[in-house]
Amino acid sequence: MSMKTLNLIGAGRVGQTLAHLWHARQVFCVQQVLTRSAASAQGACHFIGAGAPATALHAMAPADVWMLAVPDAAIAQAAADLTAHARDTQWAPAVVFHCSGALTAAHMAPLSALGWQVASAHCILSFATPAGAVQQFPGTACALEGDAQACSLLHAAFSDIGAHCFAVASEDKVLYHAAAVLATNFLPVLQALAERAWQATGVPDALIPSLRTSLLSNAVANINRLGPQGALTGPAARGDVAAITRQADVVRQWDPQAGAAYEALSTLALRMANASKDTIATTATTR
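Note that the structure is predicted; figures quoted are calculated from it, not measured.

A. Just helix α2 (residues 38-48), in detail. Buried residues of α2: Ala41, Ala44, Cys45 and Ile48, and no others. One face of α2 carries all of its buried residues, which in axial projection span an arc of 100°. Along α2, exposed side chains directed more than 90 degrees from the buried face belong to Ala39 and His46. Buried residues along α2 sit against β1 (4-9), α1 (13-24), β2 (28-34) and β3 (52-54). Phi turns positive one or two residues past the end of α2, at Gly49, with a value near 90°.

This is how it looks when you write it as structure tokens:
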């Protein structure tokens with residue numbers, strides 16, 4: 001049985017990573033890649049190890065599966081363009097998906113109206129570089145949403161390259177993606193604030209990289225070993241509301257937005273600490 005063909009519209013870090021893995025594992029036959037320029041398309045094909053650069057949508061051949069590997073803001077337009085071309089050329093319906101974490105398959109509704117199977121597939125992985133993401137991909141969680149036939153095909157395709165797939169309802173995608181943002185995107189922001197505060201209080205610049213490495217490494221190790229509640233330390237873990245209030249006031253004077261973030265995060269930390277104490281108390285009384 002021949003492999004299904006795959007076309008890419010857009011080929012950033014996510015598109016290149018997935019297409020490379022699918023080609024290497026012989027899951028899909030990567031056929032054509034369309035990007036903003038011939039040079040970038042050629043570069044993507046070189047990294048993927050397969051496919052031919054396309055100069056325009058009208059120069060692309062039909063495929064069994066289409067990946068819209070474009071930024072979120074460009075998904076609807078890419079779908080509209082593909083719809084117009086598919087209608088003009090009377091292509092048979094195919095499977096099309098995008099990789100946005102927050103947007104649903106409904107953003108490709110014009111293709112769905114033509115009988116195409118539409119879906120979204122979001123991998124919970126930081127695609128810092130395609131080469132790095134290829135190495136880190138095995139074991140990655142992948143959320144699927146959309147038409148059943150498309151999701152079934154993608155479940156098999158992602159599983160073949162080592163992903164752990166699960167279904168997310170369309171109405172839950174924004175909260176689902178916000179959770180991924182909370183888990184990854186804000187850590188650099190908090191670290192940058194901490195380092196600015198250290199610098200403002202006279203901590204030598206030469207010491208900051210070692211503080212960064214040791215504190216982050218220990219925090220991650222504790223979370224992995226004990227879970228978030230067990231790894232919580234500091235004033236909130238002790239229930240020291242007075243210390244939290246003093247620190248929040250000082251941080252707010254230094255940077256009002258940082259102070260508001262400190263206060264909000266401390267409130268959540270206290271809630272977590274109280275929940276942990278309630279769990280311990282309940283466990284003790286049921287023994």
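B. Quick look at the pairing of strand β4 (residues 65-68). Side chains of β4 alternate between two faces, with Val65 and Met67 and Trp66 and Leu68 buried alike. Two strands pair when backbone bridges link them, and β1 and β4 are joined in this way by four bridges, in the parallel orientation. Looking across to β4, one finds that Ile9 is bridged to Leu68. With four bridges joining them, β4 and strand β5 (residues 95-98) adopt parallel strand pairing. Looking at the pairing, Met67 lines up with Phe97 of β5. In this fold, β4 hands off to helix α3 (residues 72-89), which returns the chain to β5; that crossover is right-handed.

C. Spotlight on the packing of α1 against α2. The interhelical angle for the contact between α1 and α2, taken along N-to-C directions, is 40°, at an axis separation of 8 Å. What the angle tells us is that α1 and α2 run oblique. The handedness of the crossing between α1 and α2 comes out as right-handed. Contacts from Gln16, Thr17, Ala19, His20 and His23 in α1 reach Ala44, Phe47 and Ile48 in α2. Partitioned by chemical class, the residues of the contact of α1 with α2 number four nonpolar, four polar and no charged.

D. Representation of the layout of surface pockets within the structure. When its volume is computed, the largest pocket comes out at roughly 2300 Å³. For the lining of the largest pocket, the element with the highest residue contribution is helix α12 (residues 256-285), accounting for 12 residues. Reported here for the second largest pocket is a volume of approximately 670 Å³. Lining the second largest pocket are 25 residues; nearest its centre among them are Val14, His122, Leu125, Phe127 and His177. Broken down by secondary-structure element, the contributors of at least two residues to the lining of the second largest pocket are α1, β6 (117-123) and α7 (173-184). For the lining of the second largest pocket, the element with the most residues is α7, which contributes four residues. Within the lining of the second largest pocket, the residues separate by chemical class into 14 nonpolar, nine polar and two charged.

The rules behind each value
Residues numbered from 1 in each chain as written. Predicted model: local features only at pLDDT ≥ 70, side-chain atom pairs only at ≥ 80, totals over all residues. Heavy atoms only, no water. Buried < 20%, exposed > 50% of the residue type's maximum accessible area, 1.4 Å probe, protein only. Helix = DSSP H or I, 4+ residues; strand = E, 2+ residues; numbered from the N terminus. Arc of directions from axis to C-beta. Contact = heavy atoms within 4.5 Å. Pairing = 2+ DSSP bridges. Right-handed = clockwise from strand over helix to strand, strands pointing away. Axes fitted to C-alpha atoms, helices over the stretch in contact; angles between N-to-C directions. Parallel < 35°, antiparallel > 145°, perpendicular 65-115°, else oblique. Left-handed = near helix turned anticlockwise from the far one by under 90°. Nonpolar A, V, L, I, M, F, W, Y, C, P; charged D, E, K, R; others polar. 1 Å grid on protein atoms, 1.4 Å probe; cavity = no way out; pocket = protein on both sides within 12 Å on 5 of 7 lines; lining within 4 Å. Points joined across faces, edges and corners; volume = space filled by probe spheres on them.

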